[in-house]
Amino acid sequence: DIDGDMCGIYNNFFVARIGYFHSWPVAPFLSFVDRQGMIYRRRLGDLMIHSMAVFAFATNRTVHRFLDFTYEHATADQTTGCVVWGGIQAGYNDHHARSNM
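Residues numbered from 1 in each chain as written. Predicted model: local features only at pLDDT ≥ 70, side-chain atom pairs only at ≥ 80, totals over all residues. Heavy atoms only, no water.

1. Things to note about unusual backbone geometry
Rule in force here: Per the convention used, a helix needs a DSSP run of H or I reaching at least four residues, while a strand needs a run of E reaching at least two, with both numbered from the N terminus.
A cis amide bond links W24 to the next residue, P25, at an omega of 5°. Here P25 shows up in the loop between helix 1 (18-22) and helix 2 (26-36). Although it is not a glycine, R43 sits at a positive phi angle of roughly 55°.

2. Remarks on the packing of aromatic side chains
Applied cut-off: Pairing of aromatic side chains requires ring centres within 6.5 Å, counting the rings of Phe and Tyr and the six-membered ring of Trp. Pairs whose planes differ by under 30 degrees are stacked, by over 60 edge-to-face, and all others tilted. Throughout, exposure labels follow a simple rule: accessible area from a 1.4 Å probe, protein chains only, divided by the maximum for the residue type, with under 20% read as buried, over 50% as exposed, and the rest as partly exposed.
Inspection of the entire model under this criterion finds two aromatic pairs. On the numbers, 5.2 Å between centres and 80° between planes, the contact of Y20 with F21 is edge-to-face. On the basis of relative accessible area, Y20 is assigned to the buried category, the value being 15%.

3. Observations concerning the layout of surface pockets
To keep it simple, the criterion reads: Space inside and on the surface of the protein is sampled on a 1 Å grid over the protein atoms alone, with a cavity defined as a set of points where a 1.4 Å probe fits but cannot get out and a pocket as an open set with protein on both sides within 12 Å along at least 5 of 7 lines; lining residues have an atom within 4 Å of a point. Grid points are joined across faces, edges and corners, and a volume is the space filled by probe spheres set on the points. Three residue categories are used. Nonpolar comprises Ala, Val, Leu, Ile, Met, Phe, Trp, Tyr, Cys and Pro, charged comprises Asp, Glu, Lys and Arg, and polar comprises the others, including Gly.
Empty space within the largest pocket amounts to approximately 850 Å³. Along its surface, the largest pocket is lined by 30 residues, and I9, F14, V63, H64 and R65 are the ones closest to its centre. Of all the elements in the fold, those that place two or more residues in the lining of the largest pocket are helix 1 and helix 4 (46-57). A per-element tally of the lining of the largest pocket places helix 4 first, with four residues. Considered class by class, the residues forming the lining of the largest pocket number 21 nonpolar, seven polar and two charged.

4. Looking at a nonpolar patch on the surface
Applicable threshold: Patch criteria: residues need more than 30% relative accessible area and no salt bridge. Like-charged residues are merged within 9 Å; nonpolar side chains of Val, Leu, Ile, Met, Phe, Trp and Tyr are merged within 5 Å. Shrake-Rupley sampling with a 1.4 Å probe provides the accessible areas, and residues are treated as covered by the protein chains on show and by no other component. The salt bridge definition used is simple: a Lys or Arg side-chain nitrogen within 4 Å of an Asp or Glu carboxyl oxygen.
Taken together, F13, V15, F66 and F69 make up a surface patch of nonpolar side chains, about 390 Å² in accessible area. Examined against the element boundaries, F69 turns out to sit in the loop between helix 4 and strand 1 (71-76). A residue is classified by how much of its surface remains accessible, and F69, at 33% relative accessible area, is partly exposed.

That's the geometry; what it means functionally is another story.
Rendered as structure tokens:
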């Protein structure tokens, strides 16, 4: 089981109905977040915004988490090319997770 309270929704890959983000109460919530200026002043990122919108307003039966593949998210230094931030999440059902990492 996955502890949903401790997970963010990686949004480098997701499938969504655009209408969901335009629906009530999601659209007013997103407008509120935008009006607060936290995206620019405190770097509130898209992972947090999308995760809050999904966890706060979507029902469990309407959300599918893709957990069967290994995923890497990294940021490389533009000068050295070295990874300065990132992580790898092994897929729960990825039988080749060790070799993919």
